[in-house]
Amino acid sequence: MTAVATEQLIRPHGGSLVDRTGDAPDDLDSLETITLTPRELSDLDMLACGALSPLEGFIGEEDYERVVEEMRLARGLPWALPVCLAVDRAPEGDQVVLPGVARLYAQKPRYLAGRVTVFERADPAFPELAKDPAETRAEFAERGWRRVVGFQTRNPIHRAHEYLTKVALETVDGLLVHPLVGETKSDDVPSATRVECYRVLLDSYYPPDRVVLSAFPAAMRYAGPREAIWHAICRKNYGCSHFIVGRDHAGVGSYYGTYDAQLIFDEFEPHELDIEPMFFEHSFWCNVCGSMASTKSCPHGDEDRVALSGTKVREMLENGEIPPVEFTRPEVAEVLIAAYRS
Ligand code: ADX
């Protein structure tokens, strides 16, 4: 494929990529300091590099209310989750310094709004996988990709994930595997182990000239449907024209309906989000088909289907048992077992 201009890629949300990196103010030492939670620190970093375009800072009351009630910013643009900075009290001055990280979760009573200027980016968890939206866009253009599908995940990659990404890849130019590496709940598999899983799977089973692996610095909110919209908008900023939404995207337990995160896309007019969601039914391995499938493509019954739950797999790994190949590739299972042993 021949290179394309970055202008030929999908446009960022709101029209242009925000860049809130800049120089430190001269009076830095005299400013009041506010400590951030890991989630706020992830948001700050994404504000800096334009991953949250068109946001230029933590949102204020007008945006907050419209986002919560209507999934829109005050200016009318779709936006699904508040990006807020909670504080105990209003600061004295109109500028503050934001250092990380407080492991403190008490709900603070106020939100501090305003533009940010980031003069020192947080150290990325995986430096070799850290790519800002401008960098993924440049890479897609260089590779000649215009139609790029983004894949969000917070789990070790299993056969269903592989199926979704490969089916999607059949219809577009390239795939961005974009695992979330910000804060997750404590029983999710740590990002270092997951990143190892993504690497071994991509090395053995994906064509390197069709896939980019990069880390998505966000923290999980477990906000299900709204998070699916938010994830899609962020990936649009990274240059993705398509975004995969499968079963219970960004869900937790059985709190949301299995396909709520797909249905919510109907609340926007066609092309308002611009990025195209690619919806997938619950997929599984079918012994009779001898392949991955979903109820859309497989006529067989439950007795022929392998749909292991995450809990069941965790139990197997804890006992040192290798999950069946129908669920996890052996290369990935080895990484997981080694991680559980250590
Ligand atoms: S998530 O919190 O990032 O959504 P996970 O990493 O499990 O969790 O899922 C990544 C993506 O794959 C999501 O779009 C999810 O809906 C989809 N997905 C995961 N498992 C399946 C499955 N068995 N069938 C269909 N889609 C799935």
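Further up the page is the structure itself.
We now turn to the structure provided with this report. Given the structure is predicted, the values throughout are model-derived calculations rather than measurements.

Buried together is how nonpolar side chains tend to be arranged in soluble globular proteins. Membership of the largest hydrophobic core comes to 56 residues, with the highest contact counts inside it found for Leu52, Trp79 and Trp230. Mapped onto this core, the elements with two or more residues apiece are α1 (38-49), α6 (224-237) and β10 (242-245). Ranked by residues supplied to this core, first place goes to α6 with six residues. Viewed by domain, this core spans two of them, domain 1 (3-115) and domain 2 (127-341), each represented by three or more residues. Beyond its immediate chain neighbours, meaning those up to four positions away, Trp230 contacts Asp43, Met46, Leu52, Trp79, Ala80, Leu81, Val83, Phe216, Ala218 and Arg221. Grouped together as the second largest cluster of nonpolar side chains are 32 residues, Leu129, Ala215, Val313 and Phe327 included.

What surrounds the ligand is a group of 19 residues, the closest being Gln152, Thr153, Arg154, Asn155 and Arg247. At 2.8 Å from an oxygen atom of the ligand is found a side-chain nitrogen or oxygen belonging to Gln152. Between the ligand and the protein, one listed contact pairs an oxygen atom with a side-chain N or O atom of His249 at 2.8 Å. Here the ligand loses 94% of its free accessible area of 540 Å² to cover by the protein chains. Sorting the residues of the shell around the ligand by element identifies β7 (148-153), α4 (159-169) and β10 as the ones contributing at least two each. Tallied by class, residues from the shell around the ligand come to seven nonpolar, nine polar and three charged.

Aromatic rings considered in pairs are described by the distance between their centres and by the relative angle of their planes. Under the defined criterion, the tally for this structure stands at five aromatic pairs. Taken together, a centroid distance of 4.8 Å and an interplanar angle of 85° make the contact between Tyr255 and Tyr256 edge-to-face. In this arrangement the basic side chain of Lys166 is found over the ring face of Tyr206, its NZ or CZ atom lying 4.6 Å from the centre.

What follows concerns the side chain of Arg72. Take Arg72: it is sitting in the loop between α2 (61-70) and β3 (86-87). A polar side-chain atom of Arg72 sits 2.7 Å from a polar atom in the side chain of Glu272. Aside from chain neighbours lying at most four places away, what touches Arg72 is Asp63, Arg66, Val67, Leu77, Pro78, Trp79, Phe268 and Glu272.

In this structure, Pro54 follows Ser53 across a cis peptide bond, with omega equal to 10°. By secondary structure assignment, the location of Pro54 is in the loop between α1 and β2 (57-58). Even without being a glycine, His271 presents a positive backbone phi close to 75°. Residue position: His271 is located in the loop between α7 (260-263) and β11 (276-279).

What follows deals with the pattern of salt bridges. Applying the stated rule across the entire model yields 18 salt bridges. A salt bridge links Arg221 to Asp43; its shortest N-O distance comes to 2.8 Å. Residue Arg221 is located in the loop between β9 (211-213) and α6, and its partner Asp43 is located in helix α1; the two are separated by 178 residues in the primary sequence. By relative accessible area, which is 0% here, Asp43 ends up buried. Arg121 is the partner of Asp45 in a salt bridge, and the nearest nitrogen-oxygen pair spans 2.5 Å. Taken together, the residues span a long stretch of sequence, with Asp45 in helix α1 and Arg121 in the loop between β6 (114-115) and α3 (133-143) at a distance of 76 residues. Overall, the relative accessible area of 29% leaves Arg121 in the partly exposed class. Taken together, the salt bridges that share partners define one network made up of Arg154, Lys185, Asp187 and Asp188.

Moving on: the sheet that holds strand β13 (residues 291-294). Taken in spatial order, the three strands make up an open sheet running β13-β12-β14, and their pairing is antiparallel. Both outer strands of the open sheet, β13 and β14 (305-306), are each paired with one neighbouring strand and no more. In the sheet, strand β12 (residues 283-286) pairs with β13 via four bridges, with the strands oriented antiparallel. When the sheet's bridge partners are listed, Ser283 is paired in β13 with Ser294.

Criteria and thresholds
Residues numbered from 1 in each chain as written. Predicted model: local features only at pLDDT ≥ 70, side-chain atom pairs only at ≥ 80, totals over all residues. Heavy atoms only, no water. Core = buried A, V, L, I, M, F, W, Y, C linked by side-chain atoms within 4.5 Å. Buried < 20%, exposed > 50% of the residue type's maximum accessible area, 1.4 Å probe, protein only. Helix = DSSP H or I, 4+ residues; strand = E, 2+ residues; numbered from the N terminus. Domains from an automatic or database assignment. Contact = heavy atoms within 4.5 Å. Near = heavy atom within 4 Å. Polar contact = N/O pair within 3.5 Å; in protein donor to acceptor, adjacent residues only side chain to side chain. Areas by Shrake-Rupley, 256 points an atom, 1.4 Å probe, with all protein chains shown as cover. Nonpolar A, V, L, I, M, F, W, Y, C, P; charged D, E, K, R; others polar. Phe/Tyr/Trp six-rings, centres within 6.5 Å; stacked < 30°, edge-to-face > 60°. Lys NZ or Arg CZ within 6 Å of the ring centre and 35° of its normal. Salt bridge = Lys/Arg side-chain N within 4 Å of Asp/Glu carboxyl O. Pairing = 2+ DSSP bridges.

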